[in-house]
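Listed below, chain by chain, are the residues.
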Amino acid sequence: MALQEKRSFIQDPEPDMTPEDKNMHLSAKLAIAPYRRMQIVRIDRIEIGASGWWITYRTFS
Amino acid sequence: MRQKKYSKCVMLIILTILIFSSGCTTALRNKQLEKVAKDWALVIRASQVIPVYPLTEDLQPGDVLLVRTPIDEQVKLYKKSGFLPLDQHLVRLYTKDFYDFYNSRYGITNENIIPPAQWQIMRDKNSHNWGIAPHAAFPTYQFEVRTGAGLNLAIPIQGVPFALGLMNSGRASGTATIADAYTFGLDNFHLEKLVRGWGMQNRNLLRKYEPKDDGNYHFLRVISRVYVTGRVNVTLNNDEATSAEAAAGADRPVNLMGIKDGDTAQNYNTAITAINKLLQDQLPGVKAKIATASHRSVTLDQPFDRPLVIGYVGFDMPILRGGRLGAPISTLAQLTGTSTLPARQIDDAYIYRLAAVSHINQALKKLVSSGNEDAKEIVANLNKLSRLLPDHYPFTTYHQPSPDSIDLEPIQNSGSLIDKQRGFEAVIDYLGYADTSRELLKKYLSCVPQTTDDQKKIVNKYRQELQKVQSAIKELEDRLNGESALMEAIDFIFFEK
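Residue indices begin from 1 for each chain and proceed along its sequence in written order. Lettering of chains starts at A and numbering of ligands starts at 1, both following the order in which they are written. Totals for whole chains, interfaces and linings use all residues, but because this is a predicted model, local features are given only for residues with pLDDT of at least 70 and pairs of side-chain atoms are given and counted only at 80 or more.

1. What about the overall build of chain B?
Okay, so step 1: Secondary structure elements follow DSSP: runs of H or I no shorter than four residues count as helices, runs of E no shorter than two count as strands, and numbering proceeds from the N terminus. Helix and strand counts for chain B stand at 15 helices and 12 strands.
Okay, so step 2: Exposed residues have 12 or fewer other C-beta atoms within 10 Å of their own C-beta, buried residues have 20 or more, and residues in between are partly exposed; the C-beta atoms are placed from the backbone. The 497 residues of chain B split such that 30% are buried.
Okay, so step 3: By definition, residue pairs are in contact when their C-beta atoms, positioned from the backbone, come within 7 Å. Considering only contacts within chain B whose residues lie at least 6 apart along the sequence, 73% involve residues at least 24 apart.

2. Quick word on the overall build of chain A
Okay, so step 1: Along the backbone of chain A there are one helix and three strands.
Okay, so step 2: In chain A, the succession of helices and strands from N to C terminus is β-α-β-β.
Okay, so step 3: Counting every position in chain A, which comprises 61 residues, the buried fraction comes to 20%.
Okay, so step 4: Here the contacts in chain A between residues at least 6 apart in sequence split such that 51% fall between residues at least 24 apart.

3. What about unusual backbone geometry?
Okay, so step 1: Going from A33 of chain A to P34 of chain A, the amide bond is cis rather than trans, its omega being 5°.
Okay, so step 2: Position of P34 of chain A relative to the elements: it lies in the loop between α1 (19–31) and β2 (39–46).
Okay, so step 3: Residue P116 of chain B is reached from P115 of chain B by a cis peptide bond, and omega for that bond is 10°.
Okay, so step 4: Topologically, P116 of chain B is positioned in the loop between α3 (98–101) and α4 (117–120).

4. Overview of the pairing of strand β3 (residues 52–60) of chain A
Residue and element names in this part refer to chain A.
Okay, so step 1: Here, a strand pair is defined by DSSP locating no fewer than two bridges between the strands. Bridge analysis of strand β1 (residues 3–11) against β3 gives nine bridges, and the strand direction is antiparallel. By the bridge assignment for β3, S8 is matched with I55.
Okay, so step 2: Across seven bridges, β2 lies against β3 in antiparallel orientation. Within β3, the position partnered with I46 by the bridge is G52.
Okay, so step 3: Between β2 and β3, which pair antiparallel one after the other, the connecting turn spans five residues, and G49 there sits at a positive phi close to 75°.

5. Overview of the confidence of the model for chain B
Residues and elements named next belong to chain B.
Okay, so step 1: Looking at chain B as a whole, its pLDDT mean stands at 77, while 66% of the residues score no less than 70.
Okay, so step 2: The score called pLDDT rates the predictor's confidence residue by residue, from a low of 0 to a high of 100. Contacts for the low-pLDDT stretch residues 149–154, under 50 throughout, to residues beyond four places or in other chains number 18 contacts.
Okay, so step 3: Every residue in residues 243–250 scores below 50 in pLDDT, and together they form zero contacts with partners more than four places removed in sequence or on other chains.
Okay, so step 4: Confidence metrics for the complex model read pTM 0.53 and ipTM 0.89.

6. A word on the interface of chain A and chain B
Okay, so step 1: Listed as interface residues are 16 residues of chain A and, on the opposing side, 21 residues of chain B.
Okay, so step 2: Mapped onto the side of chain A that touches chain B, the elements with two or more residues apiece are β1 and α1 of chain A.
Okay, so step 3: A total of four residues in the side of chain A that touches chain B trace back to one element, the largest contributor, which is β1 of chain A.
Okay, so step 4: Nonpolar residues are Ala, Val, Leu, Ile, Met, Phe, Trp, Tyr, Cys and Pro. Charged residues are Asp, Glu, Lys and Arg, and all others, Gly as well, are polar. When the residues that make up the side of chain A that touches chain B are grouped by side-chain class, the tally is eight nonpolar, four polar and four charged.

7. Details of the pairing of strand β7 (residues 219–238) of chain B
Residue and element names in this part refer to chain B.
Okay, so step 1: Of all 20 residues making up β7, 16 are buried, and the element is well covered by its neighbours.
Okay, so step 2: As paired elements, strand β2 (residues 63–67) and β7 share four bridges and run antiparallel to each other. Within β7, the position partnered with L65 by the bridge is R221.
Okay, so step 3: In this sheet, β7 lies alongside strand β6 (residues 171–185) in antiparallel orientation, the contact comprising 13 bridges. From the neighbouring strand, I178 faces β7, where its bridge partner is V232.
Okay, so step 4: Across 17 bridges, β7 lies against strand β9 (residues 297–318) in antiparallel orientation. Residue pairing for β9: V226 is matched across the bridge by Y312.

8. Considerations on the nonpolar core
Residue and element names in this part refer to chain B.
Okay, so step 1: Working definition: the nonpolar core is a set of buried Ala, Val, Leu, Ile, Met, Phe, Trp, Tyr and Cys residues, joined through C-beta atoms within 7 Å. The biggest cluster of nonpolar side chains holds 47 residues, and the ones touching the most others in it are L220, V222, V226, V309 and Y312.
Okay, so step 2: For this core, the secondary-structure elements that each account for two or more residues are β1 (50–56), β2, β6, α6 (188–201), β7 and β9.
Okay, so step 3: No other element matches the 10 residues that β7 contributes to this core.
Okay, so step 4: What V309 contacts, discounting residues up to four positions off in sequence, is V52, L55, T56, E57, L59, V226, Y227 and V228.
Okay, so step 5: Counting 39 residues, the second-largest nonpolar core is a separate cluster that includes V357, Y393, V427 and A472.

9. Considerations on the environment of F492 of chain B
Residues and elements named next belong to chain B.
Okay, so step 1: Note that F492 resides in helix α15 (residues 485–494).
Okay, so step 2: Since 22 C-beta atoms lie within 10 Å of it, F492 is described here as buried.
Okay, so step 3: Put simply, F492 and R321 are 171 residues apart on the chain and 8.0 Å apart in space, counted from C-alpha to C-alpha.
Okay, so step 4: Contact partners of F492, with chain neighbours within four places excluded, come to D374, A375 and I378.

10. Let's talk about the sheet that holds β3 of chain A
Residue and element names in this part refer to chain A.
Okay, so step 1: Across the sheet, three strands lie side by side as β1-β3-β2; this open sheet has antiparallel pairing. The open sheet has two edge strands with one neighbour each: β1 and β2. Going from strand to strand, the sheet's axes swing by 20° on average, the running direction of each strand aside. Lines fitted to the C-alpha atoms define the axes, with helices restricted to the stretch that makes contact. Angles between their N-to-C directions range from 0 to 180 degrees.

11. Some details on the environment of A179 of chain B
Residue and element names in this part refer to chain B.
Okay, so step 1: Relative to the assigned elements, A179 resides in strand β6.
Okay, so step 2: Among the residues examined, A179 registers 16 C-beta atoms within 10 Å and is labelled partly exposed.
Okay, so step 3: A179 sits 51 residues away from G230 along the chain, and the two C-alpha atoms are 6.6 Å apart.
Okay, so step 4: Setting aside residues no more than four positions away along its own chain, A179 makes contact with T229, R231, V232 and N233.

12. Topic: the packing of helix α12 (residues 373–383) of chain B against α15 of chain B
Residue and element names in this part refer to chain B.
Okay, so step 1: Axis separation between α12 and α15 bottoms out at 9 Å; the angle between their running directions is 150°. Taken together, the axes of α12 and α15 are roughly antiparallel relative to one another. As α12 runs across α15, the sense of the crossing is left-handed. Contacts between α12 and α15 involve D374, A375, I378, N381 and L382 from the first element and A485, E488, A489 and F492 from the second. Here the word oblique covers every angle except those under 35 degrees (roughly parallel), over 145 (roughly antiparallel) and from 65 to 115 (roughly perpendicular). Each crossing gets its handedness from the near helix: less than a right angle anticlockwise from the far helix is left-handed, clockwise is right-handed.

Here it is in structure tokens:
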């Protein structure tokens, strides 16, 4: 099995969230499946267009 | 000498017969008493109300009883006797919520008036204010009685034995009517809040009743509504008269001295007055009155000084580890084995609640790794919850692969095997996958265009997927609601044992 890098986008649940709320939402998402079980290698914040977090993870395919 | 021995023997036999016969009579009397008490309780129960026995004035919504008997024993007792003992009266909680609940009706004109106080106040010697309370009605109750059974213990009419004597009968059947019935109560939402507030302040007291190793729980039984009666009316029919004189023609009046020939109405009134005087003489202090009397039937009417509680409705809250209170369960549902109150659903904060559960599990694992024995037991109980999961995922889990598009991509297909060996982790995974899918499917369905046939097909497919996910979450949550392991874990992490 080859190791692959994949990306998933976690969109903010509401517009105009405070930085604290954005962080708390990401934290909650990372605490539950499927993100909890992902081997995450990078998290990026996107603010242009759709707002949310890019999660880059590694998986076997 | 021989004759003396013979007479001694006869005496012994007579004594033995007397002892055994009196024992039999007592046993029969007790059996009959229990039967009549049970019949009385069945009438109240038939109206979906839990009977109170003996009747009391001193029970009201906000009363909290500590139920010590295990629930299966209570069910047995309830089925056998028809009513439940009131057990330990732990606390009476007063609340000003009655004013809002009744919207200032029924004489509750300001929030400082807490019923039934305003209805119990006596206007004069013979009248109270219960007339303005919410009314209720009960069906009539039919029964059979015999003399010598101490019936005033079973039916709250003290004049029944007297009436049997009046008809010169040892056997009668009758009907009892619960008249002048009233009810009042408070909604479970406010009461539960009230009890929880009290419970938080009295954790040290409740902690004494936390579940022990035998697995039996103590419950707080919260009275939410009571039913009261101001008067009981009983009509007794002389069964001996009806069986022996079925073809005897007209009914005979009760035989009394001083009855003159001629004026029937006057004679009847005189007779009833004389009978009532006789009743007062024989049973001083008894309020029962004879309304009508003949050789075949007697009607008794017993008013109470103030209405008495005959039954109640309530809910039970289990006392969990650390003295914490569990979800409310309807007392009647608990006793009859029917469905219980569903737990409140909070969809909005789902992800945060789930994350909190995941963190609690993480905290427990840390405690176990540092050698905490109690934490080990809690984790073991949590891990057993994986048995509530299905064998395979009944839904597909999606993710959003790009911020520029709303398209969804599966990351785990429906039908994938659930690894139950992972214990509680598997439960968190299941709910986490389900919530992620639910959230993305809802978002997708709210903004996807449906112009072409292909798009409509996709929307249909995703709608079905959403239904599958929603029912999967509900099914597992319903199962988890009946378990105490999660509550115990929360207690363990946040509260001192």
